[in-house]
Amino acid sequence: YPTAHEEEKLLLSCIMRAGGAVRKQAVDRMRPQMFDRYQALASVVLDLARETRPDPDTVRAAFSGPEEDLEQVLSVRPAPRQAPRLMKAVQEAFGKLSLIDIALDGVTQAKGDLDFTEIATSLEEDIIDLTRRQGGAEARSSSKVMAEVLRDLEDEQGQRVTGVPTPFPELNKMLRGFHGGELVIPFGSTSMGKTAFALSCALHAAHEGHAVAIHTLEMSEKSLYRRLLQMESGVSLRQTTIPDGQMKRVTDAAAELSELSLHIIDRPGLDHLEHRSSLRRLQYEHDIDMAVVDYLQIMSAPAGADYSKKHHQVHESAQGLKDTAKILDIPVIVPSQTTKSVDNRNNKRPTLSDLREAGEEPADVAIGLYRPEYYSISVWPDGSPTEGEGLAIVAKQRNGPTGNARLAYVGHRVRWEPLAKRTDDNAPSGPAPF
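Computed from a predicted model, the values in this text were never measured in an experiment.

(A) Broad picture of the overall build of the protein. The helix and strand inventory of the protein stands at 14 helices and ten strands. At 28 Å, the protein has a C-alpha radius of gyration far larger than the 22 Å of a compact globule built from 434 residues. Principal-axis analysis of the C-alpha atoms gives the protein an extent of 90 × 50 × 45 Å. Summing over all exposed atoms, the protein offers an accessible surface of approximately 21,500 Å²; the carbon and sulfur share of this is 49%.

Right, dumping it as C-alpha cells:
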C-alpha cells in the first residue's frame, strides 16, 4: 500500500520548528486523517498549531501516544522550505489509499443489487469529494460563513447584476441575474421560444466570460451548433445559396463561437443523475458557471424508476435538477412545455398554474414566455404592434419580485433580444413599435 511515513515525520518536525507561515499553511491544508504512521501525533501538533507554536515541550505535555513516535520526529530537522513538498507527498499517499478504499467499495456494490447508474454515480461523487478534500476542506464555522456573506453584500452594493447576467436589462432588474443553486424554468406552450430563450441566455453568458454547459436531448450536437451560429451571425442557414457578404458574417461568427467557453453534450435519453454526473466532470475540468438542459419533458427516468404518471417523472426530473444546482452551486436552466389548455382559453398568457404539473414546485425562478402574434394578436393593450415582440413573465422568484419584461423575438435568428438593442437588420418588416 502507498505510504509516506518518512515525509510524515519530516513534515511534523517542520510544523513544530518553523515559523507562523508554515504553521498556517499546514493548518489550512492538512488533516490528521491524512497521516498514517503518525496520525495520533499529527492530531496533537495540528490542533496546537491553530493557536500557538507546537514546540517540543508543549507537544510532549499534550501527547499521550507512543514516546517513540515523538522522538523519531524530533530526531530530524528538515528546512522549512521543504514543507510544501512534504505536504503534497503526504496528501498523495492519503489520496491513493482512499482511492483503494473507494475501489474496493465499488467492487462490493457491483456484486450487489444496485444498478450500474447508481453505482457509477456514487463512485464518481466519492472520487470528486476526495479530490476536494485533498486540499483539507471541511465544514466552516458559522462566523466565517457569515463574514463571507457580509463581504459579498458589501461587494454587491451598487451592482445591478449579482449572478450570471441575462441579455435583458429589464429581467436583470428583477432577477439580478441567475444565481448559484437556482433552478430556472422558462415555460410556455408550443412555439413560444422556450429553447430560444435558454440558448439566448447561454450565449450571452458565454460572451460575458462565463463557462456554460448545454445538454441537448433532442437536437444533435451539430444541429445545435448550427442554431447557435444562426443566432450569432443573424444569417438564415436554411438557404442553399448564401451570398458572399453573409457568408463572411457566418465565418466570423463561427470563429467567435469557437473562442467561447461553451460545452455542448449530445445525450438523448439523459436522466437527472447522468446529467449531474456529466456536469461534475465538466465543472471539474472547465469550472462551469451555468448549465442548460433542453428540455424537461424529454428527460428520461433513472434506471429502475417506475412512475405511474408522466407528470410524476417530470417532477422528479425537475427536483433532481434543482438538487444538482444546489450541489454544484450553479444556475440550471431547463425549458418546460405547458399543457395544451393554454391554447384553448381566451387569455393565452402563461400563468404559474400552467406549470403545476411541469416542474413548478422545485423551480426557484419560473419565466412564462408569450408571443401574441403567434395567436394572430396584432396589438398590445396599449395599442402598439406586437410584431416581433413577446413577454417574459417572471411568474415566480423565491428571492425577488415578479413582473413582466417586454422583449424582441427575432424570428430569422431564432433568438430573444432586448427591445432597446434591436437593430434595423433584426426588426420586423412593419414600423418599429417604439
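Additional details are given in the paragraphs that follow.
(B) Focus on the packing of aromatic side chains. The full count for this structure, using the stated rule, is four aromatic pairs. Between Phe168 and Phe197 the ring centres are 5.6 Å apart and the planes differ by 15 degrees, which places this aromatic pair in the stacked class. Here Phe168 is found in the loop between helix H8 (142–156) and helix H9 (169–175), whereas its partner Phe197 is found in helix H10 (residues 194–207), with 29 residues between them in sequence. Comparing Phe168 with Phe197 shows no difference in burial state: the two are buried. Put simply, the rings of Tyr370, Tyr374 and Tyr375 pair up and form one aromatic cluster. In this structure, Arg37 is placed above the aromatic ring of Tyr38, and the distance from its NZ or CZ to the ring centre is 4.8 Å. Stacked on the ring of Tyr409, the Lys or Arg Arg371 has its end atom at 4.2 Å from the ring centre.

(C) Just helix H14 (residues 310–328), in detail. Given a rise of 1.5 Å per residue, 19 residues ought to cover 27 Å, and the 27 Å separating the end C-alpha atoms of H14 matches this to within 8%. Buried residues along H14 sit in contact with strand E1 (183–188), helix H13 (272–286), strand E4 (290–294) and strand E5 (332–333). Two residues or fewer after H14 comes Asp329, characterised by a positive phi angle close to 55 degrees.

(D) Structural detail: helix H12 (residues 244–259). Helix length check: H12, at 16 residues, gives a terminal C-alpha distance of 23 Å against a target of 22 Å (1.5 Å per residue), a fit within 8%. Three or more residues of H12 are buried, namely Val250, Ala253 and Leu257. Seen along its axis, H12 keeps its buried residues to an arc of 70 degrees; they face one direction. Exposed residues lying more than 90 degrees from the buried face of H12 are Asp244, Gly245, Ser258 and Glu259. Turning to H12, the residues buried within the fold contact H10, helix H11 (221–233) and strand E3 (262–266).

(E) Spotlight on the pairing of strand E10 (residues 415–418). The two faces of E10 match: Arg415 and Glu417 on one face and Trp416 and Pro418 on the other face are all buried. In the sheet, strand E9 (residues 403–410) pairs with E10 via four bridges, with the strands oriented antiparallel. Following the sheet pairing, Leu407 is matched in E10 by Pro418. The turn joining E9 and E10, which pair antiparallel and follow one another in sequence, is formed by four residues; a positive phi near 50 degrees is taken by Val414.

(F) How the structure looks around the nonpolar core. Ranked by size, the top nonpolar core spans 51 residues in total, and within it Leu171, Phe197, Ile214, Leu262 and Ile367 carry the most contacts. At nine residues, H10 tops the list of elements feeding residues into this core. Setting aside residues up to four positions removed in sequence, Leu262 forms contacts with Ala202, Leu203, Ala206, Val212, Ile214, Tyr225, Leu228 and Leu257. By size, the runner-up hydrophobic cluster in this structure holds 34 residues, among which are Val22, Phe35, Val45 and Ala49.

(G) View of the side chain of Glu8. Positionally, Glu8 belongs in helix H1 (residues 5–17). Arg37 is the oppositely charged side chain nearest to the buried, salt-bridge-free Glu8, at an N-O distance of 7.3 Å. A distance of 3.1 Å separates a polar side-chain atom of Glu8 from the backbone nitrogen of Arg37. If near-sequence neighbours (up to four positions away) are discounted, Glu8 is found in contact with Phe35, Asp36, Arg37, Tyr38 and Val90.

(H) Geometry of the pattern of salt bridges. Tallied over the entire structure, the rule returns 17 salt bridges. Lys9 is the partner of Glu6 in a salt bridge, and the nearest nitrogen-oxygen pair spans 3.4 Å. Here Glu6 and its partner Lys9 are both found in helix H1, three residues apart, which amounts to about one turn of the helix. With a relative accessible area of 42%, Glu6 lands in the partly exposed category. On the basis of relative accessibility, which here comes to 14%, the residue Lys9 falls in the buried class. Where Arg280 meets Glu125, a salt bridge forms, and the shortest distance between an N and an O atom there is 3.7 Å. Pair noted here: Arg280 is in helix H13 and Glu125 is in helix H7 (residues 116–133), with a separation of 155 residues, a long-range link. You can call Arg280 buried: its relative accessible area is 10%.

(I) Here's a closer look at the environment of Gln82. Along the polypeptide, Gln82 turns up in the loop between helix H5 (67–74) and helix H6 (83–110). Put simply, Gln82 and Asp129 are 47 residues apart on the chain and 27 Å apart in space, counted from C-alpha to C-alpha. A polar contact is formed between the side chain of Gln82 and the side chain of Arg85, at a distance of 2.9 Å.

(J) Here's a closer look at the pairing of E4. Burial runs high along E4: five of the five residues are buried. Of the two faces of E4, the one lined by Met290, Val292 and Asp294 and the one lined by Ala291 and Val293 are each fully buried. Looking at chain direction, E4 and E5 are connected through two bridges and run parallel. Bridge pairing links Ala291 to Val332 in E5.

What counts as what
- Counting starts from 1 at the beginning of each chain's written sequence and moves along it residue by residue.
- It should be noted that, the model being predicted, local features are given only for residues of pLDDT at least 70 and side-chain atom pairs only at 80 or more, the latter also being counted only at that level, while totals for whole chains, interfaces and linings use all residues.
- As a rule here, side-chain values cover all heavy atoms of the structure and leave hydrogens and water aside.
- Runs of H or I in DSSP of at least four residues are treated as helices and runs of E of at least two as strands, each being numbered from the N terminus.
- Atoms considered for the radius of gyration are the C-alpha atoms alone. The globule rule reads 2.2 Å times the number of residues to the power 0.38.
- Computed with the Shrake-Rupley method and a 1.4 Å probe, the accessible areas treat only the protein chains shown as cover for residues.
- Side-chain rings of Phe, Tyr and Trp (the six-membered ring for Trp) are treated as a pair once their centres are within 6.5 Å; stacked means planes under 30 degrees apart, edge-to-face means over 60, and tilted covers the remaining angles.
- Here the term buried applies to any residue with accessible area under 20% of the maximum for its type, exposed to any over 50%, and partly exposed to those in between, with areas from a 1.4 Å probe on protein chains only.
- Over a ring means this: the NZ of a Lys or the CZ of an Arg is within 6 Å of the ring centre and within 35 degrees of the ring normal.
- Multiply 1.5 Å by the residue count of a helix minus one, and that product is the helix's expected span.
- We call two residues contacting when some pair of their heavy atoms lies within 4.5 Å.
- Starting at the helix axis, one direction is taken to each C-beta atom, and the arc is that of these directions.
- Any two strands are treated as partners once DSSP identifies two or more bridges connecting them.
- Side-chain atoms within 4.5 Å link the members of a nonpolar core, which is a set of buried Ala, Val, Leu, Ile, Met, Phe, Trp, Tyr and Cys residues.
- Positive: Lys, Arg. Negative: Asp, Glu. His and the chain ends are not part of the count.
- The rule for a salt bridge is simple: a side-chain nitrogen of Lys or Arg has to be within 4 Å of a carboxyl oxygen of Asp or Glu.
- Counted as a polar contact is a pair of N or O atoms within 3.5 Å, where, for protein atoms, one must be capable of donating a hydrogen and the other of accepting one, and residues adjacent in sequence contribute only when both atoms are in side chains.

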